[in-house]
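For reference, the chains in residue letters:
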Amino acid sequence: MSASSSDAGMQPVGLVMRTYSNYCDVRSGRCTYRCQVRGRLKLDRQAVLTGDQVVLEFIGGDRAMVTGILPRRTALTRPPIANADLAVIVFTAKSPPLNLGLVDRLLILARSEGLATLLCLNKTDLAEPHELALVERHYGQTGYELVQTSAKHGHNLGTLVERLQGRTAVLAGQSGVGKSTLLNAISPGTCLEVGELSPKVQRGRHTTRGVRLIPVGDGLVADTPGFVALELPQLEPRDLAGLYPEMAQHRSDCRFPDCIHDPEPGCAVKDAVERGEIDSGRYRRYLEFLHELQARRKY
Ligand SMILES: Nc1nc2c(ncn2[C@@H]2O[C@H](COP(=O)(O)OP(=O)(O)OP(=O)(O)O)[C@@H](O)[C@H]2O)c(=O)[nH]1
Ligand SMILES: [Mg+2]
Ligand SMILES: [Zn+2]
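Everything quoted here is computed from the prediction, not taken from an experiment.

Considering the pattern of salt bridges
Link 1 in the chain: Inspection of the entire model under this criterion finds 14 salt bridges.
Link 2 in the chain: Taking the shortest distance from any N to any O, the salt bridge between Asp-25 and Arg-34 comes out at 3.0 Å.
Link 3 in the chain: Look at Asp-25 and you get buried, because its relative accessible area is 11%.
Link 4 in the chain: Residue class for Arg-34 comes out partly exposed when judged on its relative accessible area of 46%.
Link 5 in the chain: Notably, a salt bridge pairs Arg-105 with Glu-292, separated by 2.9 Å at the nearest N-O pair. Here the residue Arg-105 occupies a position in helix H2 (residues 100-112), and Glu-292 occupies one in helix H8 (residues 280-297), the gap between them amounting to 187 residues.
Link 6 in the chain: For Arg-105, a relative accessible area of 16% puts it in the buried group.
Link 7 in the chain: Residue classification places Glu-292 among the partly exposed positions, given a relative accessible area of 30%.

In structure tokens:
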């Protein structure tokens with residue numbers, strides 16, 4: 001059997017490539033096994049996630065049972081994936097329409113879990129140059145890298161593939177932005193289902209259902225189901241600004257050391273917004289999120 005073993009008890013371990021409601025596909029050595037999950041683990045809050053390193057027990061033939069989950073380096077619940085180290089946030093300027101609030105929420109989520117982030121503006125073939133320039137301006141001051149791609153025309157896919165090497169990445173974003181199409185384009189032989197947008201509202205149709213890992217070069221990339229809205233993670237309001245790189249660098253210049261850059265006088269972040277050094281839309285949405293977190297604490 002070509003399964004790899006864990007150091008501890010020499011039990012075979014494997015990587016969960018895909019999860020279904022009652023079983024999962026686990027890659028171990030050069031084989032992929034369809035595995036049942038031991039009942040105890042299903043009941044546990046920590047149900048098996050795609051990306052998990054799991055302990056296997058072979059139960060005859062090619063059949064195996066997942067009997068344990070190794071400690072996770074990272075874990076996201078939306079989209080659900082374990083051990084990813086890079087979040088690729090896919091969005092569009094058109095079809096579906098630009099939704100910067102959702103992009104900001106995803107950035108917060110990824111950073112709060114300690115994942116590196118990359119912004120991928122897809123469907124550049126559909127947007128006007130000034131619409132693309134607008135997005136560049138929005139994120140130019142943040143320090144996040146932005147890659148502009150067209151999965152349809154193969155534009156800039158080489159840059160994207162480069163960034164994915166040696167990593168476990170997760171593609172996250174609204175339904176219909178082209179996550180599955182991008183993966184099909186950069187991983188030869190992959191044939192993930194893609195779906196047309198609904199013509200009236202230009203929304204995706206939630207084509208992808210489960211989270212699935214696909215090898216791309218020597219990296220792994222997870223395709224995930226898109227969503228319409230996204231809740232902020234459990235965060236203390238005072239910790240929110242720390243997740244904005246462009247705010248963190250001004251923080252030490254605020255008059256009050258515990259400044260949350262909202263009502264306080266002498267706030268260096270607000271000054272930077274005034275001077276145009278921090279995008280005013282990003283700051284406005286920061287305040288929205290801050291108030292959302294504060295309201296949550298009252299209940
Ligand atoms: N014009 C254009 N269309 C694209 C591009 N990328 C994807 N599409 C189209 O956008 C639609 C949605 O693509 P999907 O790959 O299914 O989107 P998704 O993000 O995986 O959506 P969900 O699985 O629902 O989350 C399909 O009709 C694709 O052909 C692109 O770069 N340009
Ligand atoms: Mg999809
Ligand atoms: Zn401040």
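With respect to the site of ligand 1
Link 1 in the chain: Every one of the 24 residues lining ligand 1 counts as a neighbour, but Asp-125, Ser-175, Lys-179, Thr-181 and Thr-208 are closest to it.
Link 2 in the chain: Note that an oxygen atom of ligand 1 is positioned 3.2 Å from one of the backbone N or O atoms of Lys-152.
Link 3 in the chain: Between ligand 1 and Lys-179 there is a distance of 2.8 Å, counted from an oxygen atom to a side-chain nitrogen or oxygen.
Link 4 in the chain: In isolation ligand 1 exposes 660 Å². Once the protein is present, 91% of that is buried.

Side note on the coordination of the zinc ion (ligand 3)
Angles between donor atoms at a metal ideally measure 109.5 degrees for a four-coordinate tetrahedral arrangement and either 90 or 180 degrees for a six-coordinate octahedral one.
Link 1 in the chain: The zinc ion (ligand 3) binds to the protein through Cys-254 (SG), Cys-259 (SG), His-261 (ND1) and Cys-267 (SG); the donor distances cover 2.1 to 2.4 Å.
Link 2 in the chain: Of note is the zinc ion (ligand 3), whose four donor atoms meet at the metal with angles of 105 to 116° in an arrangement that counts as tetrahedral.
Link 3 in the chain: Sequence spacing of the donors to the zinc ion (ligand 3): C-x4-C-x1-H-x5-C. With respect to class, Cys-254 is no different from Cys-259; both count as buried.

Focus on the coordination of the magnesium ion (ligand 2)
Link 1 in the chain: Within the first shell, the magnesium ion (ligand 2) binds the protein through Ser-180 (OG) and Thr-208 (OG1), at distances of 2.0 to 2.1 Å. Highlighted residues: Ser-180 in helix H5 (residues 179-186) and Thr-208 in the loop between H5 and strand S13 (212-216), separated in sequence by 28 residues. Accessibility classification places Ser-180 together with Thr-208 in one group, the buried group.

A look at the packing of aromatic side chains
Link 1 in the chain: In this structure the tally under the stated criterion is five aromatic pairs.
Link 2 in the chain: On the numbers, 4.6 Å between centres and 25° between planes, the contact of Tyr-20 with Tyr-23 is stacked.
Link 3 in the chain: A relative accessible area of 25% means that Tyr-20 is categorised as partly exposed.
Link 4 in the chain: Geometrically, the ring pair formed by Tyr-244 and Tyr-286 is edge-to-face, given 5.4 Å between the ring centres and 80° between the ring planes. Taken together, the residues Tyr-244 in the loop between strand S14 (219-223) and helix H6 (245-248) and Tyr-286 in helix H8 connect sequence positions 42 residues apart.
Link 5 in the chain: Residue classification places Tyr-244 among the buried residues on the basis of a relative accessible area of 1%.
Link 6 in the chain: Taken together, the ring pairs connect Tyr-244, Tyr-283 and Tyr-286 into an aromatic cluster.

What counts, and at which threshold
- Residues numbered from 1 in each chain as written.
- Chains lettered and ligands numbered in written order.
- Predicted model: local features only at pLDDT ≥ 70, side-chain atom pairs only at ≥ 80, totals over all residues.
- Heavy atoms only, no water.
- Salt bridge = Lys/Arg side-chain N within 4 Å of Asp/Glu carboxyl O.
- Buried < 20%, exposed > 50% of the residue type's maximum accessible area, 1.4 Å probe, protein only.
- Helix = DSSP H or I, 4+ residues; strand = E, 2+ residues; numbered from the N terminus.
- Near = heavy atom within 4 Å.
- Polar contact = N/O pair within 3.5 Å; in protein donor to acceptor, adjacent residues only side chain to side chain.
- Areas by Shrake-Rupley, 256 points an atom, 1.4 Å probe, with all protein chains shown as cover.
- Donors = N, O, S within 2.8 Å, 3.2 Å for Na, K, Ca; no water.
- Tetrahedral: all angles 85-135°; square planar, octahedral: opposite > 155°, others 65-115°.
- Phe/Tyr/Trp six-rings, centres within 6.5 Å; stacked < 30°, edge-to-face > 60°.

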